[in-house]
Amino acid sequence: HKPDDIDGYTLAVYGPSGVSRVAEDLAKQLANLRGIIEVDNQSVLRKLSGGRYGARGVAVLSREVGDYLIARDQVPGVKPIGEVKKIDYAIGLSRQRFSAEQAAQFNAVIRHLARSGTTLALAERYGMKAAVPAPK
C-alpha cells in the first residue's frame, strides 16, 4: 500500500529500463531496501519464484509484461501485490533516419490502427490496455 511496506525487502528488477528507474526512485525512499538489477524479466520472475531473493523478496515489473510472462512460462507462486507508479511509453522516430514525410505517414497509420479498433484488439489479445485512441 505504501513504500514502507517493503522496507527491509530485496527488490529485483530488469534493467536498465524505465521500470528500473521507478524501482530506483522507490529505493531512495527506503533505508533498508536491497536492490538487484537482473538481465531480463524472465530471470527476475524465475528467481523470485525459486526464493532466490529470500523470504522477503519482491520484484517490480510492468504489470502487463509480468502477467504475460507468468502465464506463458507458468511461473508458480508469483502474483501481483500492488502498483508502484504508472508509466507512459511513447514511440520516437530519429530525425536522422526518418524524414518528416515518413514520420507523418507513420503517425497516420498509428491513428488509423487506433481508430479502427485494431490496436485495442491486439492489446486485449495479450491482456494489455490499448493507448487512448487519437481523436477523430
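Everything here concerns the structure above.
Let me begin by describing the structure that accompanies this report. (Residues numbered from 1 in each chain as written. Predicted model: local features only at pLDDT ≥ 70, side-chain atom pairs only at ≥ 80, totals over all residues. Heavy atoms only, no water.)

### Concerning the overall build of the protein chain
- The helix and strand inventory of the protein chain stands at five helices and three strands.
- Going residue by residue from the N terminus, the α and β elements of the protein chain occur as β-α-β-α-β-α-α-α.
- Principal-axis analysis of the C-alpha atoms gives the protein chain an extent of 55 × 30 × 25 Å.
- Buried residues in the protein chain amount to 24% of all 136 residues.
- Of the contacts made within the protein chain by residues no fewer than 6 positions apart, 58% connect residues no fewer than 24 positions apart. (Helix = DSSP H or I, 4+ residues; strand = E, 2+ residues; numbered from the N terminus. Buried < 20%, exposed > 50% of the residue type's maximum accessible area, 1.4 Å probe, protein only. Contact = heavy atoms within 4.5 Å.)

### Points about the side chain of Glu-38
- Tracing the backbone through its elements, the reader meets Glu-38 in strand 2 (residues 34-38).
- Beyond its immediate sequence surroundings of up to four residues, Glu-38 is in contact with Val-13, Tyr-14, Gly-15, Ser-43, Val-44, Lys-47 and Tyr-53.

### What about helix 4 (residues 100-116)?
- Over its 17 residues, helix 4 extends 24 Å from the first C-alpha to the last, a length consistent with the 24 Å expected when each residue adds 1.5 Å.
- At the exit of helix 4 stands Gly-117, carrying a positive phi of roughly 90°. (Expected span 1.5 Å × (residues − 1).)

### As for the pairing of strand 1 (residues 10-14)
- Counting buried positions over the five residues of strand 1 gives four, a clear majority of the element.
- Assessed by its sense of winding, the connection that carries the chain from strand 1 through helix 1 (residues 18-28) to strand 2 is right-handed. (Right-handed = clockwise from strand over helix to strand, strands pointing away.)

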